[in-house]
Amino acid sequence: MSQKLALKLLFQFRIPIDGDSGVYRRCEERYVMLNVQDGEDINQVIDQFYKKIKKEDYVYQNTNGDQVFFEFVGVMDYIVWDYREENEFWYDYRTRKLPMENKTKLTLSKRELKQKIANSEKAGGQLSTWGRRFNIQHSFQEIEDDV
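The following refers to the structure shown. None of these values were measured; they are calculated from a predicted model.

What counts and how
Residues numbered from 1 in each chain as written. Predicted model: local features only at pLDDT ≥ 70, side-chain atom pairs only at ≥ 80, totals over all residues. Heavy atoms only, no water. Core = buried A, V, L, I, M, F, W, Y, C linked by side-chain atoms within 4.5 Å. Buried < 20%, exposed > 50% of the residue type's maximum accessible area, 1.4 Å probe, protein only. Helix = DSSP H or I, 4+ residues; strand = E, 2+ residues; numbered from the N terminus. Contact = heavy atoms within 4.5 Å. Salt bridge = Lys/Arg side-chain N within 4 Å of Asp/Glu carboxyl O.

## Some points on the nonpolar core
- Residues L5, L7, L9, F49, V75 and L113 are the most contacted members of the largest nonpolar core, which totals 23 residues.
- Where this core is concerned, the elements lending two or more residues are β1 (3-14), β2 (24-36), α1 (42-54), β4 (67-80) and α3 (110-122).
- In this view, L9 contacts E28, E29, R30, V32, F49, I53, F72, G74 and V75; residues no more than four positions away in its chain are not counted.
- If you look at the next biggest cluster of nonpolar residues, it comprises five residues, including C27, V73, M76 and L106.

Next up, the structure:
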């Protein structure tokens, strides 16, 4: 049976000025769909996803002439998406304190993500902690910063 996962991604905008990127950075939280087809190895799908999403990093020059780095920080969480419209997603911007430096607190490692998904499949596709916390069925609710 094919499976859809909604992944909650974290990106940061980093603007180094005189070598200092600052402590607080504007961040984007984005939800994207990851489709896993019957017979596909979830580990390979996740590896391919990480390669693809890393390509979204880019650099541009702002109106002050400073370089702005848009960088993928990691996957914050996921839910099994079996009750929503196809291709629906959501994103949000907020300011976080040192998102890349706090990556291990804010995001799941690739290994942790694979383990959580494998464990949820064994448990019959239960929602992740994030999904259970907010009982996500009809809409997303804003999550307060932990860091």
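## Regarding the pattern of salt bridges
- For the structure shown, the criterion picks out ten salt bridges.
- With a closest N to O distance of 2.9 Å, E101 and R25 form a salt bridge. Of this pair, E101 sits in the loop between β5 (91-97) and α2 (103-106) while R25 sits in strand β2, and the two are 76 residues apart along the sequence.
- Note that K110 and D47 form a salt bridge whose closest N and O atoms lie 3.4 Å from each other. Here K110 is found in helix α3, whereas its partner D47 is found in helix α1, with 63 residues between them in sequence.
- We classify D47 as partly exposed; its relative accessible area is 26%.
- It is possible to trace a salt-bridge network through shared partners that takes in K8, E29, R94 and R96.

Nothing here speaks to function; it is all geometry.
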